[in-house]
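Residue-level structural notes
Here's the letter readout for the chains.
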Amino acid sequence: MSKKEFKAESKRLLNLMINSIYTHKEIFLREIISNASDAVDKLCYLALTDQGVGMSREDFVISIKVDKENRLLTVSDNGIGMSSEELETNLGTIAQSGSLLFKNEMNASDKVEDIDIIGQFGVGFYSAFMVSDQVTVISRAYGSDKAYRWESSGVDGYSISECSKDEVGTEVIMKIKEDSEDEKYSQFLESYNLSSLIKKYSDYIRYPIKMDMEKSRLKENSDKEYESYFETETINSMVPIWHRTAAELSDEDYNSFYQDKFFDYEPPQKHIHIRAEGLVSYNALLYIPARTPFDYYTKEYEKGLQLYSSGVLIMEKCAELLPEHFRFVKGVVDSQDLSLNISREMLQHDRQLKTIANNIEKKIKSELQKMLENDREAYEVFYANFGRQLKYGIANDYGRHKDLLADLILFYSSQEEKLVSLAEYAARMPEEQTHIYYACGEDIKRIDQLPQTELLRDKGFEILYFTDEVDEFVTQILHKYEEKEFMSVNSNELDLENDEQKEESQKQTEENQDMLDAMQKLLESRVKKVKISKKLKSHPLCLSNEGMISLEMEKYFNQVQPDNHMQAERVLELNPSHMVFNALQNVYSADKDKFRQYTELLYQQALLIAGFPLDDPTEFTRMVCDLMI
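If you're wondering where the values come from, they're calculated on a predicted model, not measured in any experiment. (Residues numbered from 1 in each chain as written. Predicted model: local features only at pLDDT ≥ 70, side-chain atom pairs only at ≥ 80, totals over all residues. Heavy atoms only, no water.)

A few points about the packing of aromatic side chains
- A complete count under the given rule lists 31 aromatic pairs for this structure.
- Taken together, the ring pairs connect Y296, Y297, Y301, F326, F328, Y379, F382, Y383, F386 and Y392 into an aromatic cluster.
- Against the face of Y296 rests R327, its NZ or CZ located 5.1 Å from the ring centre.
- Note that K592 overlies the ring of Y588, its terminal NZ or CZ placed 3.7 Å from the centroid. (Phe/Tyr/Trp six-rings, centres within 6.5 Å; stacked < 30°, edge-to-face > 60°. Lys NZ or Arg CZ within 6 Å of the ring centre and 35° of its normal.)

Right, dumping it as structure tokens:
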């Protein structure tokens, strides 16, 4: 047995493999099992055309054995095995993939179509050195009566020698490193931990992965003492649920998978099963949770779908597969058409991934639209959980997704007294109605009491109630729906008057302009204008705004960015038909001091109605008391 050295470039790559390429050391088990699965695949494919194999699919198995005392972890298979030359080629030269060569040869010969081989880079095997001081490979190739041992302690080189092995296949024996302050390598000698890693990364390898699991039982003739024993178990599920047809699965099957996979104590509200074939083939199983996760609207929440390549977990949360507006969706995607980098941890941002992501986005939209149209009660449950996210989706990215999401959002209706869609609102609009009207406030009750809404309701116009801080931003992005522009009840352009009313309003403004100017001067920088209102009916006054920043936006911005002191261009509107207006006219000409008090008092009342804090609560209380004495 002679010692051989890796080539210089292979030494550098091996060092990189051990220290840099893989993010998590536990990945080594996924790589070794995937290689074992490839070896079994090769012999299984040969069995289709070579009767001499003498094995059926049910005969193939991958075994895991642990020897704690000697710190040995062994992964063995009864696959195609390797000759001395193949050990030299596949393991002596890093990044030389025997699996890729085999796949190319089989495809070139047209013996088998669409061969699904996991390991195509020839580097995964070397991840074993992240956790091992020494790795030994004992292999006997199919059709040979000789076996060979490949042995290496890392970058120093390797040796190949003849040995004995009764059956065809390969054993990978890893001498696990001793524990250090930073790393507890002994975890890879615990059957429970190994079982968890297999379920996490290799649960859908299509051959049984068997391991002796440590159990405990009462000793004979004892009701207190326990003894340990080992029982061989098949650890992996083998057949992913998403590879089965919907006809084969019940709601209980779907729900159980979701609750086990995503650790939810409740079944999901909805599942979406996708089996796509074409330029990019993939299977996907998506879920909408029944409740909003407790951390959903926090920075800690991570979106993404579990990504598999041929049943092997590649990424725990692939964010690229989900758009931000559907970040609430959980699930898995499995495709053999993805371009992976050599560590099989990171995904190259390629056309296949984008195609899958686009298709998933369209499918989620389609299923939500069906729920909205066919099961309104269920959709409103969904909307209570995640409707705000859909609104954020419209407001984000400069409105890039507004056309996709506009039909999915709901608002409370003044007329229907329930949530309605924009399509439902538009379908009910009277012919003479030119805009979609909305009012903003903290809650439905507060909006109901807004003075600005009274006249619109009296004219029979439906008003949408905006109670989320994002709602008004949504209308600014949408701007219009079915060619009808959105308009706030605070707008100066409600245009609800006929020609006679407009003329009367203009006359009242002209007659009282001096008083209005005097009030504006008294309120100084706090209001941009004091004006005769065209929208008030029974209420004496209201506060509105001009410009792009609304009163509700002012509240929002000052809540999230208090140091900016952003303020809308406030307008104090007065109802000329109300007795309070007459009182103002009287004191304006007779008592300038009382006029100043009335002006201040009315402005503070307008603040309260609009949901703003008083400028000076103590002074406001004093003025009220003075007027009562």
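Alright, that's what it looks like, and here's the rest.
Details of the side chain of S139
- Counting through the fold element by element, S139 comes out in strand β4 (residues 132–140).
- Using a relative accessible area of 0% as the deciding quantity, one classes S139 as buried.
- A distance of 2.7 Å separates a polar side-chain atom of S139 from the backbone nitrogen of M82.
- Of note is the side chain of S139, whose polar atom sits 2.8 Å from the side chain of T170.
- Leaving out residues up to four positions away in the same chain, S139 has contacts with G81, M82, K146, A147, Y148, K165, G169 and T170. (Helix = DSSP H or I, 4+ residues; strand = E, 2+ residues; numbered from the N terminus. Buried < 20%, exposed > 50% of the residue type's maximum accessible area, 1.4 Å probe, protein only. Polar contact = N/O pair within 3.5 Å; in protein donor to acceptor, adjacent residues only side chain to side chain. Contact = heavy atoms within 4.5 Å.)

Details of the packing of helix α13 (residues 471–478) against helix α16 (residues 551–560)
- Between α13 and α16, the shortest axis-to-axis distance is 9 Å and the interhelical angle comes to 120°. The angle between α13 and α16 places the two elements in the oblique class. Seen along the crossing, α13 lies across α16 with a hand that is left-handed. Across the interface between the two elements, E472, F473 and Q476 of α13 pack against E552, M553, Y556 and F557 of α16.
- Among the residues making up the contact of α13 with α16, the classes are represented as four nonpolar, one polar and two charged. (Axes fitted to C-alpha atoms, helices over the stretch in contact; angles between N-to-C directions. Parallel < 35°, antiparallel > 145°, perpendicular 65-115°, else oblique. Left-handed = near helix turned anticlockwise from the far one by under 90°. Nonpolar A, V, L, I, M, F, W, Y, C, P; charged D, E, K, R; others polar.)

A short note on the pattern of salt bridges
- Tallying each qualifying case throughout the model produces 37 salt bridges.
- Taking the shortest distance from any N to any O, the salt bridge between K4 and E88 comes out at 2.7 Å. One end of the pair, K4, is in strand β1 (residues 3–4); the other, E88, is in helix α3 (residues 84–92), and 84 residues separate them in sequence.
- Here K4 falls in the partly exposed class, since its relative accessible area comes to 32%.
- According to the relative accessible area criterion, E88 is partly exposed, its value standing at 25%.
- Ionic pairing is found between R596 and D593, a salt bridge with its closest N-O pair at 3.6 Å. With R596 and D593 both in helix α18 (residues 592–610), this residue pair falls three residues apart, about one helical turn.
- Residue classification places D593 among the partly exposed positions, given a relative accessible area of 47%.
- What you see here is one network of salt bridges that share partners, running through K270, K363, E367 and K370. (Salt bridge = Lys/Arg side-chain N within 4 Å of Asp/Glu carboxyl O.)

Quick look at the nonpolar core
- Within the largest apolar cluster, 72 residues are counted, with the highest numbers of intra-cluster contacts made by F328, L368, Y379, F382 and L390.
- It is helix α7 (residues 351–374) that contributes the most residues to this core, eight residues altogether. (Core = buried A, V, L, I, M, F, W, Y, C linked by side-chain atoms within 4.5 Å.)

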